[in-house]
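So the chains spell out like this:
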Amino acid sequence: MKLHIGAGMSPLSGWTNVDLVPYPGIDAVLDVTRGLPFEQVEFIFAEHFLEHLPLVDGLRFLRECRRVLTDDGIMRISTPNLDWVWLTHYKQPADMTDDEQFLGCLELNRAFHGWGHRFLYNLPMLLLTLNRSGFSTFVSCEYGRSTHANLTELERHELSQGLPSAPSVLIVEASGRSGRDGSDELKSFETMIAPYVRDFGTT
């Protein structure tokens, strides 16, 4: 089985397309933060979905993805890069007019919170969260490219011009089992993020 999570208006042929809204082509209408009713999944693809979940819900979602995947199953995840947002949207106040500073503030906040975004990841945070969710192996990929035939040419979301040090979108294929899901280390991770989660909110 191949799961396409958050398929929206872009369902994939040959995949089980999952979304909260019954758009045309959706095979399963689910709130994935409440769990995934699947087993022995070979591939999971989630494009521009994770950033729409609060941090704690994202952690639980990724943990659930690891649970339903087979031992050699792979999750391909695509999400906006927080580092790119910061580098391209933050405007230094020096030599800027009041209007330019005003617009820069609006642009940065839109990048963070627009389009229903709840939490943006940079690569270290994404890899750490995947690891604490139970994955052990991570491969950064280019848009539309993979060494796995089932995971090539999947992305549909518009791609912005990246920077040499910061692509606009993070695309990672996660696999393996770290053995950390449900462990004391995972609880420690949740304790570490708890003060920040209170500030972000959980809904």
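Below you will find a few notes about this structure. These figures come from a predicted structure and were not determined experimentally.

### Digging into the packing of aromatic side chains
A complete count under the given rule lists three aromatic pairs for this structure. Geometrically, the ring pair formed by tryptophan 15 and phenylalanine 45 is edge-to-face, given 6.4 Å between the ring centres and 65° between the ring planes. Residue tryptophan 15 is found in the loop between strand S1 (2-5) and strand S2 (16-19), and its partner phenylalanine 45 is found in strand S4 (residues 41-47); the two are separated by 30 residues along the sequence. The same class applies to tryptophan 15 and to phenylalanine 45, which are both buried. With a centroid separation of 4.9 Å and 75° between ring planes, the pair formed by phenylalanine 119 and tyrosine 121 is classed as edge-to-face. For phenylalanine 119, a relative accessible area of 11% gives the class buried.

### Describing the environment of asparagine 81
The topology assignment puts asparagine 81 in the loop between strand S5 (69-80) and helix H2 (82-89). Each C-alpha atom, one on asparagine 81 and one on valine 139, is 16 Å from the other, the two residues being 58 residues apart in sequence. In this structure, asparagine 81 is in contact with Tyr121, Asn122, Leu123, Ala166, Pro167, Ser168, Val169 and Leu170, ignoring residues within four places of it in sequence. Reaching out from asparagine 81, the side chain makes a polar contact with the backbone oxygen of proline 167 at a distance of 2.9 Å.

### Some points on the pairing of S4
Burial within S4 is extensive, with six of its seven residues counted as buried. Bridge count between S1 and S4: four bridges; the pairing is parallel. Its bridge partner lying in S4, leucine 3 is registered against isoleucine 44. As defined by bridge partners, S4 adjoins S5 across six bridges and the pair is classed as parallel. For isoleucine 44, the partnering residue across the bridge sits in S5 and is methionine 75. You can see the chain leave S4, run along helix H1 (residues 55-68) and come back into S5, and the turn it takes is right-handed.

### Here's the deal with the sheet that holds S2
Strand order across the open sheet formed by seven strands is S3-S2-S1-S4-S5-S7-S6, with mixed pairing between neighbours. Looking at the sheet topology across the chains shown, the edges are occupied by strand S3 (28-29) and strand S6 (137-140). Of the strands in this sheet, S5, S6 and strand S7 (169-175) touch helix H4 (residues 123-132), which is tilted by about 25° from S7.

### Notes on the pairing of S2
Pairing of S1 with S2 involves three bridges; the strand directions are parallel. Bridging from a neighbouring strand, leucine 3 pairs with threonine 16 of S2. Looking at chain direction, S2 and S3 are connected through two bridges and run parallel. For aspartate 19, the partnering residue across the bridge sits in S3 and is valine 29.

### Brief notes about a nonpolar patch on the surface
Taken together, Met9, Leu20, Val21 and Tyr23 make up a surface patch of nonpolar side chains, about 390 Å² in accessible area. Note that methionine 9 resides in the loop between S1 and S2. By relative accessible area, which is 59% here, methionine 9 ends up exposed.

Conventions and cut-offs
- Residues numbered from 1 in each chain as written.
- Predicted model: local features only at pLDDT ≥ 70, side-chain atom pairs only at ≥ 80, totals over all residues.
- Heavy atoms only, no water.
- Phe/Tyr/Trp six-rings, centres within 6.5 Å; stacked < 30°, edge-to-face > 60°.
- Helix = DSSP H or I, 4+ residues; strand = E, 2+ residues; numbered from the N terminus.
- Buried < 20%, exposed > 50% of the residue type's maximum accessible area, 1.4 Å probe, protein only.
- Contact = heavy atoms within 4.5 Å.
- Polar contact = N/O pair within 3.5 Å; in protein donor to acceptor, adjacent residues only side chain to side chain.
- Pairing = 2+ DSSP bridges.
- Right-handed = clockwise from strand over helix to strand, strands pointing away.
- Axes fitted to C-alpha atoms, helices over the stretch in contact; angles between N-to-C directions.
- Patch = residues over 30% accessible without salt bridge, like charges linked within 9 Å, V, L, I, M, F, W, Y side chains within 5 Å.
- Areas by Shrake-Rupley, 256 points an atom, 1.4 Å probe, with all protein chains shown as cover.
- Salt bridge = Lys/Arg side-chain N within 4 Å of Asp/Glu carboxyl O.

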